[in-house]
Amino acid sequence: MLRWEHGGLGTCVAAQAALCKVAAGHRQLVLQLGGSADGPRLREERRGKSAEAAPRPTGLRSALLAGLQQAASPEERRELERLWVLFLSALELFLQDLRQAQRLCRLFSLQGGGAALLHTGLGGRRGGGPEQPPVPPCLEEEMEQVRAVLAEMESTANIPLWTVEATQAAGPGELGAAPTSQGTGPRSGPCCRVLCPAPQDL
Amino acid sequence: MTVTRLDQGQRYRPRMAFLKKIEALMMEMQNPDTGIKTQTQRVMITSIPHAVAGNDILQWILQRLQITDEEALHLGDLFVKYGYIYPLQEPKNLTLKTDGSLYRFQTPYFWPTQSWPADDTDYAIYLAKKNIKRKGILEEYEKEHYNMLNKKINYKWDFVIMQAKEQYKAGKERKKADRYALDCQERAYWLVNRTPPGMLDVLEYGLDRATDPNENKKKTMDVYRREIMYYQQAIMKSRVKSSVSLGGLVKYSEQFLSNDPILSGCLPSNPWVTDDPEFWDLNAKLVEVPTRMRVERWAFNFSELIRDPKGRQNFQLFLKKEFSGENLSFWEACEDLKYGDQSKVKEKAEEIYKLFLAPGARRWINIDGTTMGITVKGLKHPHRYVLDAAQTHIYMLMKKDSYGRYLKSPIYKEMLAKAVVPQETVKKSSNFPFGRRQLRSSPSPVILRQQEEEAKAKEAATTVDITQPCRLSSPAPRPPIYAGTSSLPPASPDPTALPHSTACPSPISVALDSTAGTEREQEPGGSIPSPFPDKVGAAAPAKPRMAALSLRRFLRRGCLNSPVFATLSPRCPAVPHGKVQPLGEQERRLRQDAKAVSSFFQIKMDVPLERRIYPVDSAEEECKCHQVCKESAKEVICPWESPAEEGRAG
């Protein structure tokens, strides 16, 4: 992976990492919807996060597609396919969170007297902010967008799942004989070191 | 990438109506005025608000819903079990304690939804996150899940790890109290959705449904049309009054109470308790001497008799005495067709037809014309249920007719008397609980099945039924025609005996051998029993021949007791049946039958002219024709085979 840091593949990897980060942040926010930290400000924040994530899918998709078409070596191709699958997974997760957000916003609509927000123990990020309730149609649009990208991706590139192997080891959960999953070991980069304890750690 | 499944039905989670109700109550609990008072939880140096005491929850439920204590406690307990409230001090103990134990409300993100279940990917991310936080903290069952998920979604494992890291990082950005609360929430969620072993999985709901309960179908014409069809069919369904069906249940329970090994104990002893397999040995499928309970059970109803292999065996003995053994054999053959090897369906169906259904078949069963027509039609495209109509007919025949007599018969009574009542064995006290008992394994099912098949084959080869006609001129005295299994000659066809019998135990035929000398040449070597040769000899004039012919048909129909028989051949033994029919009428009737059936069959062209005058009812009619007999082996040609196969031999 270090070898391809420069060039098209590198940008794909970076974009994928960024998408993951945004998705994680987005999830954090959706988690608090309906709870004690909920409020117009939270919703604004969530929308902002979602907007941040919005252009990435299309960009990453085109980059990956381009890469796949021009793939030089079979290794590069394999790497691109792996990234493709990861990208799809990230998008799916993001879509799921969007769905949750839609459901929660509907359930706890801030308009009309404020539905009873659950006392979840979380303090919201206090501070002033615009008190307007979030506009529902936005969410639908976002979801549609993501869905569209997903559908497009699934139809364009025909990459079977089973060809993609994980580069990360299974981790501590695997006790006994084979601590590494298939295709790992030499390929794991430094980032994986954290997660691959030597078997004696168990 | 999740593979979206093809819609093959049954992928909708059922409507869980209680979810909405609990949600409404949860929201009510938040009301600052009428809701539950919250406290602050102290965790080390931080304090987290919004903790609620168990007792307060209970009191609130009692007051709000006006129900009894027990109900309220149960309901509160369910709230905790479903994950709407989670305990703070004992996270794994998902029960409502009505003391000062603290609980907190779960964030709606983690509420159970009807629309989608807790995702595997999410769980993998959670476990990975937990592991990142502190290595080795995963519990045993979590580790198992982790490994399993690693294999299952290995293609997105990199994503899982990546996302876990990102989420962990995102969580660290928050202040400590929030982080703690978030962690508690997530942990509670997964305790509910991936229950540790030993804990009850309350969210289990059985199978997925075929229709989407949330679907709002627009009421189009088509929808209404389908609804109407559905309701019409529902109206047509037969219904039974609940009093009647309950009465049936009660009757069944009363009748079978004594046979239930759990409720009434079993003799000699329950093998699971005493480790003594004698009970199973005594109740083996085809044991020599069955137990008394088992034999008494045959008298409860017909299905009890027929589903017990020993019962069937005994019943078959009785049926053979009554000359209707082919009924049970046919029934068994149909069962084999239904449940046996489906790759051989066509062959099996043909064999059954040849053996039981074809006119003049060796073991012809007596079913009415309509059923026969349906069956033959269906046999053009055989499948496992093609003989259902005929099988049902025969089943009802046996049930209504033979079964009653069977229960009064000496055969059954004898079996009942022979049946053994096992002694109750005392449970051997296990002085040596760790001793290894010498446990013998039961016979291999493969071997058992082979034995069964051999027995069946032997049975089939040696069984003769009364429908097999016998010779008219019998100089022999009259032993009863017991076409049963007693003196069974070997299976190979005896060329000197009647050709149709691979083994014909009938004493008459054996005795007739001496007189059959002249006819022997005329007998075809066919696989299908030909009617007995004309006793009158080749020079017989047409009339007696005709009489003999029709008599043959008559006999083939199984009415051996007719006095006509007696007139034509006074020495033929009488058969203990009561049917009396005049010959002429018989002839007419047979001729009509023959006409109906004749269209199915190909007629051998070599049949002499005089024979053609008579309605030909089967291909075996020719037996008297010398040339024909010599030339080709006659066989029953199944009506669904193409005419091109007509001339083929054997």
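What you see as residue numbers is a count from 1 along each chain, following the sequence as written. In the order they appear in the text, chains get letters beginning with A and ligands get numbers beginning with 1. For a predicted model such as this one, the threshold for reporting local features is a pLDDT of at least 70, and the threshold for listing and counting side-chain atom pairs is 80 or more; totals across whole chains, interfaces and linings nevertheless cover every residue. Each side-chain value is derived from all of the structure's non-hydrogen atoms; neither hydrogens nor water enter the calculation.

1. Some remarks on the overall build of chain A
Okay, step 1: Along the backbone of chain A there are five helices and zero strands.
Okay, step 2: Strands are runs of DSSP state E lasting at least 2 residues, helices are runs of H or I lasting at least 4, and numbering of each runs from the N terminus. Helices (α) and strands (β) of chain A occur, in sequence order from the N terminus, as α-α-α-α-α.
Okay, step 3: Note on contacts: a residue pair is in contact if any heavy atoms of the two residues lie within 4.5 Å. Counted over contacts in chain A with a minimum sequence separation of 6, partners at least 24 positions apart contribute 74%.
Okay, step 4: To measure how exposed things are, a 1.4 Å probe is used in the Shrake-Rupley method; for residues, cover is taken only from the protein chains shown. When the accessible area of chain A is evaluated, it comes to approximately 9,400 Å², of which 55% is carbon and sulfur surface.

2. A word on the pairing of strand 4 (residues 102–105) of chain B
All names here are of chain B.
Okay, step 1: Residues Leu102 and Arg104 point to one face of strand 4 and Tyr103 and Phe105 to the other, with burial holding for every one of them.
Okay, step 2: Here three bridges tie strand 3 (residues 85–87) to strand 4, and the two strands are oriented antiparallel to one another. Within strand 4, the residue paired with Pro87 across the bridge is Tyr103. Exposure classes here rest on a 1.4 Å probe applied to the protein chains alone. A residue is buried below 20% of its type maximum, exposed above 50%, and partly exposed in between. Strand pairing is defined by DSSP finding a minimum of two bridges between the two strands.

3. Quick word on the interface of chain B and chain A
For an interface, size is often stated in terms of accessible area lost upon the parts coming together.
Okay, step 1: Contact residues are listed per partner, giving 55 residues for chain B and 61 residues for chain A.
Okay, step 2: Accessible area, probed at 1.4 Å, shrinks when two parts are joined; the buried area is that loss added up over both. Taking both sides of the interface into account, the surface hidden between chain B and chain A amounts to around 5,300 Å²; carbon and sulfur atoms contribute 60%.
Okay, step 3: By convention in these notes, a salt bridge is any Lys or Arg side-chain nitrogen within 4 Å of a carboxyl oxygen on Asp or Glu. Put simply, chain B and chain A have two salt bridges between them.
Okay, step 4: Where Arg82(A) meets Asp158(B), a salt bridge forms, and the shortest distance between an N and an O atom there is 2.3 Å.
Okay, step 5: Here a polar contact is recorded for every N or O atom pair within 3.5 Å, except that within protein the pair must consist of a potential hydrogen donor and a potential acceptor, and residues adjacent in sequence are included only if both atoms are side-chain atoms. Where chain B touches chain A, the interface holds eight residue pairs in polar contact (both at pLDDT 80 or more).

4. Considering unusual backbone geometry
Residues and elements named next belong to chain B.
Okay, step 1: That bond from Leu267 to Pro268 is cis: its omega, -5 degrees, falls within 30 degrees of zero.
Okay, step 2: One can find Pro268 in the loop between helix 9 (242–256) and helix 10 (271–274).
Okay, step 3: The residue Met44 is not glycine, and still its phi comes out positive at about 50 degrees.
Okay, step 4: Inspection of the secondary structure assignment puts Met44 in the loop between strand 1 (39–43) and strand 2 (46–53).
Okay, step 5: The exposure class assigned to Met44 is exposed, which follows from its relative accessible area of 76%.
Okay, step 6: Its identity as a non-glycine residue notwithstanding, His50 has a phi of 65 degrees, on the positive side.

5. A closer look at the sheet that holds strand 2 of chain B
Across a sheet, strands are paired by hydrogen bonds formed along the backbone, either parallel or antiparallel in direction.
All names here are of chain B.
Okay, step 1: Across the sheet, which stays open at both edges, the four strands sit in the order 1-2-4-3 with antiparallel pairing between neighbours. With one partner strand each, in any of the chains shown, strand 1 and strand 3 form the two edges of the open sheet. Each adjacent strand pair in this sheet contributes to an overall mean axis angle of 55 degrees, direction not counted.
Okay, step 2: Sheet topology places strand 2 next to strand 4; two bridges connect them, and they run antiparallel. Bridged to Val52 within strand 4 is Tyr103.
Okay, step 3: Axes here refer to lines fitted to C-alpha atoms; in helices the fit is confined to the stretch in contact. Angles between the N-to-C directions go from 0 to 180 degrees. Taken strand by strand, helix 7 (residues 176–193) contacts strand 1, strand 2 and strand 3, and its axis lies near 105 degrees from that of strand 3.

6. Some remarks on the side chain of Lys348(B)
All names here are of chain B.
Okay, step 1: Along the polypeptide, Lys348 turns up in helix 16 (residues 345–357).
Okay, step 2: By relative accessible area, which is 17% here, Lys348 ends up buried.
Okay, step 3: Excluding anything up to four places from it in sequence, Lys348 contacts Asp336, Leu337, Gly340 and Asp341.

7. Structural notes on empty space enclosed by the protein
Okay, step 1: The method works on a 1 Å grid over the protein atoms by themselves. A cavity is a set of points holding a 1.4 Å probe that cannot get out, a pocket is an open set with protein on both sides within 12 Å along at least five of seven lines, and residues with an atom within 4 Å of a point line them. Grid points are joined across faces, edges and corners, and a volume is the space filled by probe spheres set on the points. One pass over the full model with this rule turns up eight cavities of 30 Å³ or more.
Okay, step 2: In this structure, the largest cavity occupies an estimated 100 Å³ of space.
Okay, step 3: What lines the largest cavity is a set of 13 residues, and nearest its centre among them are Gln96(A), Gln100(A), Tyr109(B), Asp122(B) and Tyr189(B).
Okay, step 4: Elements that contribute at least two residues to the lining of the largest cavity include exactly helix 4 (74–107) of chain A together with helix 7 of chain B.
Okay, step 5: Among the elements that take part in the lining of the largest cavity, helix 4 of chain A stands out by supplying three residues, more than any other.

8. As for the environment of His393(B)
Okay, step 1: One can find His393(B) in helix 18 (residues 388–408).
Okay, step 2: When neighbours within four sequence positions are excluded, His393(B) is seen to be in contact with Asn366(B), Ile367(B), Asp368(B) and Thr371(B).

9. Quick notes on the nonpolar core
Okay, step 1: Definition of nonpolar core: a set of buried residues of the types Ala, Val, Leu, Ile, Met, Phe, Trp, Tyr and Cys, connected through side-chain atoms within 4.5 Å. Membership of the largest hydrophobic core comes to 103 residues, with the highest contact counts inside it found for Met26(B), Ile85(B) and Trp157(B).
Okay, step 2: At 16 residues, helix 4 of chain A tops the list of elements feeding residues into this core.
Okay, step 3: Here Met26(B) is in contact with Leu118(A), Phe79(B), Tyr84(B), Ile85(B), Phe105(B) and Trp111(B), once residues within four sequence places are set aside.
Okay, step 4: Membership of the second largest hydrophobic core comes to 40 residues, among which are Val295(B), Tyr353(B), Phe356(B) and Ala419(B).

10. As for the pattern of salt bridges
Okay, step 1: Counted under the stated rule, the structure contains 39 salt bridges over all chains.
Okay, step 2: Between Glu144(A) and Arg147(A) there is a salt bridge, and its shortest N-O distance comes to 2.8 Å. With Glu144(A) and Arg147(A) both in helix 5 (residues 136–156) and three residues apart, the pair spans about one turn of that helix.
Okay, step 3: By relative accessible area, which is 34% here, Arg147(A) ends up partly exposed.
Okay, step 4: Here Arg226(B) and Asp222(B) are joined by a salt bridge, their closest N and O atoms 3.3 Å apart. Residue Arg226(B) and its partner Asp222(B) are located together in helix 8 (residues 221–236), separated by four residues, close to a single helical turn.
Okay, step 5: In this structure Arg226(B) comes out as exposed when scored by relative accessible area, which is 54%.
Okay, step 6: Through salt bridges with shared partners, a single ionic network connects Arg27(A), Lys129(B) and Glu186(B).

11. Quick notes on the packing of helix 2 (residues 40–53) of chain A against helix 4 of chain A
All names here are of chain A.
Okay, step 1: Their axes nearest at 12 Å, the elements helix 2 and helix 4 cross at an angle of 155 degrees. In this view, helix 2 runs roughly antiparallel relative to helix 4, as classed from their interaxial angle. The way helix 2 lies across helix 4 gives a crossing that is left-handed. Of the residues in helix 4, those in contact with Arg43, Arg46, Ser50 and Ala53 of helix 2 are Phe94, Leu98, Ala101 and Cys105.
Okay, step 2: Residue type decides the class: Asp, Glu, Lys and Arg count as charged, Ala, Val, Leu, Ile, Met, Phe, Trp, Tyr, Cys and Pro as nonpolar, and the leftover types, Gly among them, as polar. Its residues assigned to classes, the contact of helix 2 with helix 4 comprises five nonpolar, one polar and two charged. Here the angle decides the label: under 35 degrees means roughly parallel, over 145 means roughly antiparallel, 65 to 115 means roughly perpendicular, and every other value means oblique. A crossing counts as left-handed when the near helix is turned anticlockwise from the far one by less than a right angle, and as right-handed when that turn is clockwise.

12. Some points on helix 3 (residues 55–69) of chain A
Residues and elements named next belong to chain A.
Okay, step 1: Here the expected length of a helix is defined as 1.5 Å per residue gap, with one fewer gap than residues. Relative to the 21 Å expected for 15 residues at 1.5 Å per residue, helix 3 spans 22 Å between its end C-alpha atoms, a close match to the ideal helical length.
Okay, step 2: The complete set of buried residues in helix 3 reads Pro57, Leu60, Arg61, Leu64, Gly67 and Leu68. Summarising the axial view, the buried residues of helix 3 lie within an arc of 135 degrees, below the 170-degree limit, and thus occupy one face. Counted as exposed and oriented over 90 degrees from the buried face of helix 3: Pro55 and Gln69. The arc in question is the one spanned by the directions pointing from the helix axis to the C-beta atoms.

13. Focus on the packing of aromatic side chains
Okay, step 1: Stacked, tilted and edge-to-face are the three classes assigned to paired rings of Phe, Tyr and Trp, where Trp is represented by its six-membered ring and a pair needs centres within 6.5 Å; plane angles under 30 degrees give stacked, over 60 edge-to-face, the rest tilted. Throughout the structure, instances matching the rule amount to 23 aromatic pairs over all chains.
Okay, step 2: For the ring pair Tyr230(B) and Tyr231(B), a centre distance of 5.4 Å and an interplane angle of 65 degrees mean the geometry is edge-to-face.
Okay, step 3: Judged by its relative accessible area of 52%, Tyr230(B) falls in the exposed class.
Okay, step 4: Residue class for Tyr231(B) comes out partly exposed when judged on its relative accessible area of 48%.
Okay, step 5: Taken together, the ring pairs in this structure connect Phe302(B), Phe315(B), Phe318(B), Trp331(B), Tyr395(B), Tyr403(B), Tyr406(B) and Tyr412(B) into an aromatic cluster.
Okay, step 6: Only lysine NZ and arginine CZ atoms are considered, and such an atom sits over a ring when it is within 6 Å of the ring centre and within 35 degrees of the ring normal. Note that Arg99(A) overlies the ring of Trp116(B), its terminal NZ or CZ placed 5.7 Å from the centroid.
Okay, step 7: The aromatic ring of Tyr123(B) is capped on one face by Arg194(B), whose charged end is 5.2 Å from the ring centroid.

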